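Per-entry structural report
Given next are the chains, with one letter for each unit.
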Amino acid sequence: MRTKTTKQQRTSLPAKRGLNLALIAALSLPALPAVAATSLEDLQQQLEVQRQQIEALQKQQAQAPEPGSLADRSDVSLYGVLDTGVEHITNIGEDSDGLTRIPAITGTMASRLGIDAHIDIAEGYRGLAKLEMGFNADDGTQGQGGRLFGRQLYVGLQTPYGRLTVGRQYSVFLFAQGTSDLIGPNIYALGSLDAYLPNARYDNSLSWMHRFTDRISAGVSYSFGRDTSGGVPASGTCGGESLQVGDSSACQAWSAMLKYDTGTFGLAAAIDTLNGGDGAQAFFFNGQPPVDMSDSGDTDRRTSLGGYVKLGDGKVGVGWLGRELDTAATNIQSDAYYVTANYKFTPKFTLDGGVYDITNDDQDADATLAVIRGIYNLASGLDTYAQMGYITNSDNAAYAVSGAGPNTAPAAGESQEGYMVGLRYKF
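1. Quick word on the state of the cysteines
Per the stated rule, a full pass over the model turns up 1 disulfide. With a sulfur-sulfur separation of 1.9 Å, Cys 238 is cross-linked through a disulfide to Cys 251. Disulfide Cys 238 to Cys 251: torsion about the S-S bond roughly -80 degrees, handedness left-handed. Here Cys 251 lies in the loop between strand E8 (216-223) and strand E9 (253-261) and Cys 238 lies in the loop between E8 and E9, a separation of 13 residues in the sequence. Per residue, the accessibility class of Cys 238 equals that of Cys 251, and both read buried.

2. Description of the pairing of strand E17 (residues 367-379)
By the bridge criterion, 10 bridges tie strand E16 (residues 349-359) to E17 in an arrangement that is antiparallel. Within E17, the residue paired with Val 355 across the bridge is Ala 370. The pairing of E17 with strand E18 (residues 382-393) spans 12 bridges and is classified as antiparallel. Pairing of Tyr 376 across the sheet is with Thr 384, part of E18. With antiparallel pairing between neighbouring strands as the criterion, E17 and E18 make up a hairpin whose turn holds 2 residues, including Gly 381 at a positive phi of roughly 85 degrees.

3. Examining the nonpolar core
Across soluble globular proteins, nonpolar side chains have a tendency to be buried as a group. Residues Leu 190, Leu 193, Tyr 356, Ile 391 and Tyr 399 are the most contacted members of the largest nonpolar core, which totals 33 residues. Elements with a contribution of two residues or more to this core: strand E1 (74-92), helix H3 (173-180), strand E10 (265-275), strand E15 (331-344), E16, E17 and E18. Sorting elements by how many residues they give to this core places E17 first, with 4 residues. With near-sequence residues (within four places) excluded, Leu 193 lies in contact with Phe 284, Phe 285, Tyr 356, Ile 358, Ile 391 and Tyr 399.

4. Concerning unusual backbone geometry
Located in the positive-phi region is Asn 204, a residue other than glycine, with phi close to 50 degrees. Mapped onto the fold, Asn 204 is located in strand E7 (residues 201-211). Owing to a relative accessible area of 29%, Asn 204 belongs among the partly exposed residues under this scheme. A positive phi angle is found at Cys 251, which is not glycine, with a value near 65 degrees. Owing to a relative accessible area of 3%, Cys 251 belongs among the buried residues under this scheme.

Here is what the cut-offs are and how they apply
Residues numbered from 1 in each chain as written. Predicted model: local features only at pLDDT ≥ 70, side-chain atom pairs only at ≥ 80, totals over all residues. Heavy atoms only, no water. Disulfide = S-S within 2.5 Å. Helix = DSSP H or I, 4+ residues; strand = E, 2+ residues; numbered from the N terminus. Buried < 20%, exposed > 50% of the residue type's maximum accessible area, 1.4 Å probe, protein only. Pairing = 2+ DSSP bridges. Core = buried A, V, L, I, M, F, W, Y, C linked by side-chain atoms within 4.5 Å. Contact = heavy atoms within 4.5 Å.

Take a look at the structure:
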């Protein structure tokens, strides 16, 4: 039998449930402080651990360099040049032979692979290093007398007072020479008349260069032993750094240069002096035999003066190169004068050329070299080129038109032509 619930009973049920909940809560009140105390202690312990962790992280952050700070700015980069092609030379030797070849050394510039590195030390101060190897693009063999890093290998510092480097590096003479000789280390160029120029490097050397203003810069370099393994054709070796008493200057070398450059025109002067020593020779590249330089008092000195001016999309350079060899047995002087120019016809096509004239009265050997070259840019870093060189010799001279290797000179008094097409990739 179902019990009937009255309206009054239904109304009192919520009130009873509320009373029961209130009693349960009241009975639980004595336990709340113990539970709350335990939870609070745990929370305090967790907060203390987190506080210690935060303090440790803040300490590490304070000691570490900020992103982009000086101590973070270091860089190592790989670069290179591959430059080669096909060359044809006429009228070689007494038999007037012709030769078609892939030249070993150069086209428009010598092939190389290098590493540049630097790290900032403080504001205005930077450590730097360079490792640069040269190789023959025709067969992959090493250049510069078989050295691993024959082109350049040095470490140094860049400071507000200049750049100081130590190792194997360029004579600063070259940095002035390039101001006026716009053809540079081309296969047909001033290097055909004096092969020291594209090979002017010192072993065991110190070098300092500084830009005093936006327009004025200067440099000096000094070698304790200029050439340990050879590198300049027919010039022997001269390692130096001798312990022989009274002969400390043997095989030493020094150079200095001064430049003024506005970007529109510029002037440069330089001097380069090589001392003699065991194994040293001097060669004039004109068919005459090398001259002995085995005495430390012998000197081979080159002096350069030149400048350039920009004319719209073109540029003209004019220069003089003097050389004096002074030994115990002889004194020989030569003078070379040149005019070079380039013009950019389009963003992709440049035409350049030059005329070089050398006189050597002491050996009765004179010559005139004319060069024309066109370079077309195919893509970023990739160029193709075609060029021609033509040389005429005086009766006793046998200068070769091509600077890309020995045994290609004409007979004395003869003229010669050279032609080359090639590719150059720079990265």
